Amino acid sequence: MYHKKTQALLKSEINTIKKPQDMEPETKVAATSRHDEPITNEDRLTLSPASRLFHSPQFNCYIVIVMGFQTGINAEVVKAGLKETLYHHPRFSSKLENKDSKGGKKRWIRVSVNEEDHVFVPNLDSNIDHPDQFVEDYISNLTTAPLDLSKPLWEVHLLNVKTSYAEAVAVFRLHHSMGDGASLMSLLLACTRKTSDPDALPTVPTKTRADSSSNSSWFWWFILAIWSGITLIWNTLVDMVLFIATLVFWQDTKTPIKGAPGVELTAKRFVHRTVSLDHIKQVKNAMGMTINDVVFGVTQAGLSQYLNRRYGQNEKYEGSKQKRSNLPKNIRLRANVLANLRPTVGIQALADMMAKTSKARWGNRFGYILIPFTIALQDGPLDYVRQAKAVIDRKKHSLEAFCTYLIANVLIKIIGAKAAGSIAHRVISHSTLSFSNLVGPLEEISFYGHPITFMAPYVYGHPHALHMHFQSYVEKMTICLTIDPDVIPDPNKLLDDLEESLKLICDAVLDRGLTKEEVV
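Residues numbered from 1 in each chain as written. Predicted model: local features only at pLDDT ≥ 70, side-chain atom pairs only at ≥ 80, totals over all residues. Heavy atoms only, no water.

Q: So what's going on with the overall build of the protein? Residues and values would help.
A: The helix and strand inventory of the protein stands at 14 helices and 15 strands. Per-residue burial for the protein yields a buried fraction of 53% across its 520 residues. When contacts within the protein are restricted to residue pairs at least 6 apart in sequence, those whose partners lie at least 24 apart make up 81%. Of the roughly 24,600 Å² of accessible surface on the protein, a fraction of 55% belongs to carbon and sulfur atoms. (Helix = DSSP H or I, 4+ residues; strand = E, 2+ residues; numbered from the N terminus. Buried < 20%, exposed > 50% of the residue type's maximum accessible area, 1.4 Å probe, protein only. Contact = heavy atoms within 4.5 Å. Areas by Shrake-Rupley, 256 points an atom, 1.4 Å probe, with all protein chains shown as cover.)

Q: Describe empty space enclosed by the protein, naming the residues involved and giving the relevant values.
A: Overall, the coordinates contain four cavities of 30 Å³ or more when judged by the stated rule. Its volume calculated, the largest cavity comes out at about 70 Å³. Surrounding the largest cavity, P49, A50, L53, F366, G367, Y368, T404, Y405, A408, N409 and I412 form its lining. Contributing elements (two or more residues each) for the lining of the largest cavity: helix 2 (49-53), strand 10 (366-373) and helix 11 (400-415). The biggest single contributor to the lining of the largest cavity is helix 11, with five residues. Residue composition of the lining of the largest cavity, by class: eight nonpolar, three polar and no charged. Taken as a whole, the second largest cavity spans an internal volume of roughly 50 Å³. In terms of lining, the second largest cavity is formed by I65, L86, F92, F172, L174, L184, L187 and L188. Going through the elements one at a time, strand 6 (168-175) and helix 5 (181-189) are the ones with two or more residues in the lining of the second largest cavity. Examining the composition of the lining of the second largest cavity, we find that three residues originate from one element, helix 5, more than from any other. (1 Å grid on protein atoms, 1.4 Å probe; cavity = no way out; pocket = protein on both sides within 12 Å on 5 of 7 lines; lining within 4 Å. Points joined across faces, edges and corners; volume = space filled by probe spheres on them. Nonpolar A, V, L, I, M, F, W, Y, C, P; charged D, E, K, R; others polar.)

Q: Just give me the short version of the sheet that holds strand 11 (residues 433-438), but keep the residues and values in it.
A: A sheet is described by the order of its strands in space; here six strands give the open sequence 8-15-14-11-9-10, paired in mixed fashion. Of all the strands in the sheet, the pair left with one neighbour each is strand 8 (269-276) and strand 10. Direction aside, the axes of adjacent strands within the sheet are offset by 25° on average. Both strand 9 (residues 333-340) and strand 10 contribute to a ladder of eight bridges, which runs antiparallel. Residue pairing for strand 10: R334 is matched across the bridge by P372. Sitting on the sheet, helix 7 (residues 277-287) is in contact with strand 8, strand 14 (466-473) and strand 15 (476-483), with an inclination near 65° to strand 8. (Pairing = 2+ DSSP bridges. Axes fitted to C-alpha atoms, helices over the stretch in contact; angles between N-to-C directions.)

Q: Mind laying out the packing of helix 6 (residues 218-248) against helix 12 (residues 417-429), listing which residues take part and the relevant values?
A: Following both chains from N to C, one finds helix 6 and helix 12 inclined at 100°, their axes separated by 8 Å at the closest point. For the element pair helix 6 / helix 12, the angle class is roughly perpendicular. Only I423, R426 and V427 of helix 12 make contact with helix 6, whose side of the interface consists of F243, T246, L247 and V248. Tallied by class, the residues present in the contact of helix 6 with helix 12 amount to five nonpolar, one polar and one charged. (Parallel < 35°, antiparallel > 145°, perpendicular 65-115°, else oblique.)

Q: Please provide a residue-by-residue account of the environment of E443, values included.
A: When you line up the elements, E443 lands in the loop between strand 11 and strand 12 (445-447). What makes E443 buried here is its relative accessible area of 18%. Not counting the four nearest positions on each side in its chain, E443 is found in contact with K194, P202, T203, Y473 and V474. One polar contact links the side chain of E443 to the main-chain amide nitrogen of T203, over a distance of 2.7 Å. (Polar contact = N/O pair within 3.5 Å; in protein donor to acceptor, adjacent residues only side chain to side chain.)

Q: Quick one: what's the story with the environment of E167, residue by residue and with numbers?
A: With respect to the secondary-structure elements, E167 resides in the loop between strand 5 (154-159) and strand 6. Residues E167 and I452 lie 285 residues apart in sequence; the distance between their C-alpha atoms is 10.0 Å. Setting aside chain neighbours within four positions, we find E167 in contact with F69, Q70, T71, G72, V161 and K162.

Everything listed here is a matter of geometry and, on its own, says nothing about what the molecule does.
Printed below as a string of structure tokens:
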């Protein structure tokens, strides 16, 4: 535990942030626009069904993005940059209407942005004891208080604290109703520039479609298309049956990482670990996989090792418990994954949107996917990634995400967001964890002139004790964990297991000198 002086300083700084009830009437956000032209696009005014879902009592979710910098933060420069960019974005300059509009649809209302309500620069001692712990506790304390609905639902905290991984830290907190994680991360990147070219936007990898042309006869192509259609329908039916069963009765096994009812209301902690993206790419290239396949395989291996240790803590004999399996048989452990169904908004389009010249669409449009993990000690490290690839390949050939998206929309329209939120809460609480993975820039970038060392996105407010996110940046991959400390008191050990699992998998590939052809 860190020094009491540091703890007192943290509480003092947190208490200086104005709460809605403490503000004078004249300082509250006005409901009149400061912009020259009103928003007339209906999509930018009405909350999408998913956004309404995120405001239901059982599903009040937030996104936290932590950025570390190579230099101290010049707060005035950052404030000036935000005024020229985020302040012009429709969601960052709109508040939620207090009452349902005609037809029961909540709407966004454009308002003037009061800088003091959104940008916080605490006066911190440069010689803080245990700065890493201080920043971790500072961010954790933010999760104990909701954002004020009378103003745009975002805030940023600029912490000039030197930690072991950065010279200073910026913390963004945003309500999930403002957009999905991919859109919000793209928007944040639209506020950055390449360090090698201060006028150029970051470059993000884009997916390319494989060439479907073939020299095979049309007959075999036709047979393959029919078979693909049959398996697509079958996989979708099976996935939807399992999804409905999860809603009704089918729960994951109660393991040491599964949260109890009400876990979404507890204060969360955020930890991260940076590993080599090159190691992940080595496994990917050697085994003919995607980055996602490798990441899921590493996660499966790391969770198996961590749970084996946790179950082993109850054993009388400590000697060889790490060398044998302490895991119960047939553990059911699934990850809830949000699949974005809207084409990712380009960084250039978002930069244009903040300059008021873009018609880019914005909002939440996603479906749910339940992905099972095999929790067991495998004979070889590569077995974890092979199993993960098989599961992911099957999930890719299913319309589970699209079907769950349609069902959620229909339920929200028929029974309302509150009741639909209860259903979504039940499905998610019957699984064990949430999982996400986002692609970051290919080159180093700066945020209003401040070079970035790492980016770590997190999510909290859902009924899980663990959320795992993988975020790439240049040649690094950051593993980000949102945890309930009462359920997972040793998150750094889980990070150790994930890092060690990646090393073992990578070493196994290199030791065997595997090529794609040999693995397949």
